[in-house]
Amino acid sequence: MLSEGLIIKVNSDTFTVKVDDKYIDTKARGKNRFEKIKPIVGDKVLVDIEKSVIESVLERRNSLSRPPVANIDIALIVTSLKKPELSLSLLDRLISIVTINKIEPVIVFTKMDLATRVDLKDLKKLTKYYESIGIKVFNNKKVRKLKKYLKNKIVTVCGQTGAGKSTLINKLDKHLNLETKEISDALGRGVHTTRIVELFEIENFYIVDTPGFSSVDINTYSLDEIKTSFIEFNNLECKFKDCKHEKEIGCKVIEEVNNGNILKSRYENYLRFIKE
Ligand SMILES: Nc1nc2c(ncn2[C@@H]2O[C@H](COP(=O)(O)OP(=O)(O)O)[C@@H](O)[C@H]2O)c(=O)[nH]1
Ligand SMILES: [Mg+2]
Ligand SMILES: [Zn+2]
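Residues numbered from 1 in each chain as written. Chains lettered and ligands numbered in written order. Predicted model: local features only at pLDDT ≥ 70, side-chain atom pairs only at ≥ 80, totals over all residues. Heavy atoms only, no water.

A.B. asks: Can you tell me about the packing of aromatic side chains, naming the residues and giving the values?
C.D. replies: Counted under the stated rule, the structure contains 7 aromatic pairs. An angle of 50 degrees between the planes, with centres 6.1 Å apart, marks the rings of Phe230 and Phe273 as tilted. Here Phe230, found in the loop between helix 6 (223-229) and helix 7 (252-259), pairs with Phe273, found in helix 8 (residues 264-275); they are 43 residues apart in sequence, far enough to count as distant. For Phe230, a relative accessible area of 0% puts it in the buried group. Judged by relative accessible area, which is 1%, Phe273 ranks as buried. The interplanar angle of 25 degrees and the centroid separation of 6.4 Å between the aromatic rings of Tyr267 and Tyr270 together place this pair among those described as stacked. Of this pair, Tyr267 and Tyr270 both sit in helix 8, separated by 3 residues, roughly a single helical turn. Like Tyr270, Tyr267 is buried. (Phe/Tyr/Trp six-rings, centres within 6.5 Å; stacked < 30°, edge-to-face > 60°. Helix = DSSP H or I, 4+ residues; strand = E, 2+ residues; numbered from the N terminus. Buried < 20%, exposed > 50% of the residue type's maximum accessible area, 1.4 Å probe, protein only.)

A.B. asks: Explain the site of ligand 1 to me, and be specific about the residues and the numbers.
C.D. replies: Near ligand 1 you find 15 residues, and of these Asp113, Asn140, Gly162, Lys165 and Thr167 are the closest. For ligand 1, an oxygen atom lies 2.8 Å from a polar atom in the side chain of Asn140. One nitrogen or oxygen atom from the main chain of Ser166 is found 3.0 Å from an oxygen atom belonging to ligand 1. When the free accessible area of ligand 1 is taken as 580 Å², the share hidden by the protein chains comes to 79%. Its residues assigned to classes, the shell around ligand 1 shows 2 nonpolar, 8 polar and 5 charged. (Near = heavy atom within 4 Å. Polar contact = N/O pair within 3.5 Å; in protein donor to acceptor, adjacent residues only side chain to side chain. Areas by Shrake-Rupley, 256 points an atom, 1.4 Å probe, with all protein chains shown as cover. Nonpolar A, V, L, I, M, F, W, Y, C, P; charged D, E, K, R; others polar.)

Scope: geometric values only; no functional claims are made or implied.
Written as structure tokens, this is what we have:
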């Protein structure tokens, strides 16, 4: 008899599948078993519990490749105000990449304790703007609210090295003790390769401490994908249907930027991304 389960860990050729409340280590028996589709973390699968084998992988809603993770609902874009310094360009880049991959972006600001009063004032404006375009914004001080929002979801984190991703996950679950480190140490270690990919189970959601993509990935997307990932541009009707919002006559996006209804940094980042 086959049971449906969720792959929560992949360690070279061992796939740990959660079926109801049981964890079953399964193998990919036979070299060509998964010729068509190799199971990855986040996959829903049908397993033969007695034989400890995965029989098939159910259809994926989405998947990312570096490292491989499937069926992600939410990507937490962990964004520090200081150390490293706030980068709106990286923030918008990640929002676009995540959106294009059909994953909900959620912003989590960190290191407010290191920010000046002026920084915090700017943060308020930014928060208001991103929320107005439908993106949830949290910070790493109020993790209880965030936890509520993540209920029943599969979550990944992304953001700069040192932004506080692992620290945030540790805060979400006091039993976890993921390694955290100062930026200088982290960079000094050079490239680190992850062989084990694992979803951590926190009460009623799952989280993985690696994004599944790289932030340079934006140049692999089409102009159209980038355009529609700027959600606030989508319902504006420019004079020309294929308007690139660069300098066209009758461009509503440019009009809204000049009116102050679209954040200038958002528009500048858009122009930058389509040039890349
Ligand atoms: N002051 C301050 N430091 C933080 C905060 N969050 C994380 N850190 C520190 O920032 C460094 C990098 O954090 P880490 O979680 O390893 O970042 P990651 O590379 O994104 O996983 C560590 O030394 C953390 O202790 C915060 O909100 N405030
Ligand atoms: Mg980390
Ligand atoms: Zn336009």
